[in-house]
Amino acid sequence: MAANSLTLELSPELAALFEEYEALTRVSAEQYVQQLVEKTQPTLEAMVAALQEAGDDEDAVMELFGKKMAESMLRQQQAAQA
């Protein structure tokens, strides 16, 4: 599967902060953001699933989101124990 890219515009303050972080850790802004996004993938998956199931019912979205997050966390724990 081909990788997709995303372009972000950072404020000068945030860009400077990332430059300082990279100088201290040797982790680039791109690497930092990629790792952050990958770690939050279960959250995004849960939100998408909740939105799909809830349709136009806004009240149901958050309830479904909570359930989906709990299911995702349980799967992660089980995978870590395996």
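These notes cover the structure that comes with them. Worth saying up front: this structure is predicted, and the values here are computed from it rather than measured.

Some details on the pattern of salt bridges
Thinking step 1. Counted by the stated rule, this structure contains 2 salt bridges.
Thinking step 2. In this structure, the salt-bridge partner of Glu53 is Lys68, at a minimum N-O distance of 2.5 Å. Of the two residues, Glu53 sits in helix H3 (residues 41-54) while Lys68 sits in helix H4 (residues 58-81), which places them 15 residues apart along the sequence.
Thinking step 3. Taking relative accessible area as the criterion, Lys68 reaches 19% and is therefore assigned buried.
Thinking step 4. Close ionic contact of Glu63 with Lys67 constitutes a salt bridge, the shortest N to O distance being 3.4 Å. Linking Glu63 with Lys67, this pair stays in helix H4, spanning 4 residues, or about one helical turn.
Thinking step 5. Residue class for Glu63 comes out exposed when judged on its relative accessible area of 52%.

Focus: helix H1 (residues 12-25)
Thinking step 1. Between its first and last C-alpha atoms H1 spans 20 Å; for 14 residues at 1.5 Å apiece the expected length is 20 Å, and the two agree.
Thinking step 2. Counted residue by residue, H1 has 1 buried out of 14 residues, so it is predominantly exposed.
Thinking step 3. Two residues or fewer past H1, Arg26 is found with a positive phi of approximately 65°.

Rules and cut-offs
- Here the residue numbering is sequential within each chain, running from 1 through the sequence in written order.
- Reporting in this predicted model follows two pLDDT cut-offs: at least 70 for local features of residues, and 80 or more for side-chain atom pairs to be given and counted; totals over whole chains, interfaces and linings ignore these cut-offs and use all residues.
- For side-chain calculations, the full set of non-hydrogen atoms in the structure is used, while hydrogens and water are omitted.
- The term salt bridge refers to a pairing of a side-chain nitrogen on Lys or Arg with a carboxyl oxygen on Asp or Glu at a separation within 4 Å.
- Helix numbers and strand numbers start at the N terminus; a helix is a DSSP run of H or I with at least 4 residues, a strand a run of E with at least 2.
- Buried means the residue's accessible area, taken with a 1.4 Å probe over protein chains only, is under 20% of the maximum for its type, while exposed means over 50%, and partly exposed covers the values in between.
- Expected helix span is given by 1.5 Å per residue-to-residue step, counting one fewer step than there are residues.

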